[in-house]
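Single-letter residue listing:
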Amino acid sequence: MATAFHAEVVTPERVLFSGDADEVMLRTDEGEIAFLAHHSEFVGAVDITVVAVSALGSTSESGGTAPTQERAGAESTGDPKLFAVHGGFVHVADNVVTVLAGVAERGDEIDVARARAALSAARDRLGTEGIPTAPDARPAPQSPGGA
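Everything numeric in this text was worked out from a predicted model, so none of it was measured.

Caption draft 1: Structural view of the overall build of the protein chain. In terms of helices and strands, the protein chain carries one helix and nine strands. In sequence order, the protein chain lays out its α and β elements as β-β-β-β-β-β-β-β-β-α. The buried share of the protein chain, taken over its 147 residues, is 35%. Partitioning the intrachain contacts of the protein chain with sequence separation of at least 6 by distance along the chain shows that 63% fall at a separation of at least 24. About 9000 Å² of surface is accessible on the protein chain, with carbon and sulfur atoms providing 55% of the total.

Encoded structure:
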């Protein structure tokens, strides 16, 4: 049995998730973190990451819902809801976890073919500009003197 808290994933354009959850997992600039009910107050920078929200009961995409009261015995709805987040901030206070992202997409809305085409185009551009495309083949840092 889980203890619920209110969770939100929002961008300037829309509320991607607003509802009860029993866990929110993401990566901050300090590492992976999971938020559970009654987590201490926290503010952190969110990396480019996947945010996983283990949702409970009904949720809203329209926003405007007030934080819910704690519900002991609430049941998870199954697989976590996934969101691709391209940086932002996470704020935790008063048993509410809010992820604020400049750009984010719901996992079930991602156009995989479009994403693969964009990745291929980016690799092509990097390759034509002489920049290594392998993750472990990074250019050597330049010294301040340019030597």
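Caption draft 2: View of the nonpolar core. Formed by 24 residues in total, the largest nonpolar core has its most connected members in V24, L26, F35, V51, V53 and V90. Breaking this core down by element, the ones donating at least two residues are β2 (5-10), β3 (15-28), β4 (31-35), β5 (42-60), β7 (81-93) and β8 (96-101). Apart from residues no more than four positions distant in its own chain, L26 is found in contact with G31, E32, I33, F35, V46, T49, V50, V51, V90 and V99.

Caption draft 3: Focus on the side chain of T98. Along the polypeptide, T98 turns up in strand β8. Here T98 is in contact with E8, V10, F89, V90 and H91, once residues within four sequence places are set aside.

Caption draft 4: Looking closely at the pairing of β3. When you tally the buried positions in β3, you get 11 out of 14 residues, the bulk of the element. Of the strand pairs in this sheet, β2 and β3 are connected by six bridges, and their pairing is antiparallel. Counterpart to A7 in the pairing with β3 is G19. Following β2, the chain reverses through four residues before pairing antiparallel with β3. In terms of strand pairing, β3 meets β4 through five bridges, oriented antiparallel. Of the residues in β4, the one forming a bridge with L26 is I33. Linkage of β3 to β4, two consecutive antiparallel strands, is achieved through a turn of two residues.

Caption draft 5: Representation of unusual backbone geometry within the structure. Phi is positive for H38, which is not a glycine, with a value near 65°. The topology assignment puts H38 in the loop between β4 and β5. The backbone of D94 sits at a positive phi, close to 50°, despite the residue not being glycine. For D94, the position within the fold is in the loop between β7 and β8. By relative accessible area, which is 70% here, D94 ends up exposed.

Caption draft 6: Focus on the confidence of the model for the protein chain. Looking at the protein chain, pLDDT values average 81 and 71% of them are 70 or higher. This stretch, residues 62-74, has a pLDDT under 50; its non-local contacts, to residues over four places away or in other chains, come to 26 contacts.

Caption draft 7: Structural context of the pattern of salt bridges. Going through the model one piece at a time under the given rule, you end up with five salt bridges. A salt bridge links R106 to D108, with the shortest nitrogen-to-oxygen separation between them at 2.7 Å. Assessed through its relative accessible area of 17%, R106 is described here as buried. By relative accessible area, D108 is classed as exposed at 61%. Overlapping salt bridges bring together R14, R106, D108 and E109 as one network.

So, how was this worked out
- Counting from 1, residues in each chain are numbered in the order their sequence is written.
- Whole-chain, interface and lining totals are the exception, using all residues; otherwise, since this is a predicted model, local features are given only for residues with pLDDT of at least 70 and side-chain atom pairs are given and counted only at 80 or more.
- Think of the side-chain values as coming from all heavy atoms in the structure, minus any hydrogens and water.
- The helix count covers DSSP runs of H or I at least four residues long, the strand count covers runs of E at least two residues long, and both are numbered beginning at the N terminus.
- Type-normalised accessible area, obtained with a 1.4 Å probe on protein chains alone, sets the label of each residue: buried when under 20%, exposed when over 50%, and partly exposed for intermediate values.
- Residue contacts follow a heavy-atom distance rule, with two residues in contact if any of their heavy atoms lie within 4.5 Å.
- The protein chains shown are the only cover counted for residues, whose accessible areas, like all others here, come from Shrake-Rupley with a 1.4 Å probe.
- Nonpolar core, defined: a set of buried Ala, Val, Leu, Ile, Met, Phe, Trp, Tyr and Cys residues in which side-chain atoms within 4.5 Å join the residues together.
- Here a strand pair is declared whenever DSSP counts at least two bridges between the two strands.
- Here pLDDT means the predictor's own confidence in every residue, given as a number from 0 to 100.
- Definition used for salt bridges: Asp or Glu carboxyl oxygen within 4 Å of a side-chain nitrogen of Lys or Arg.

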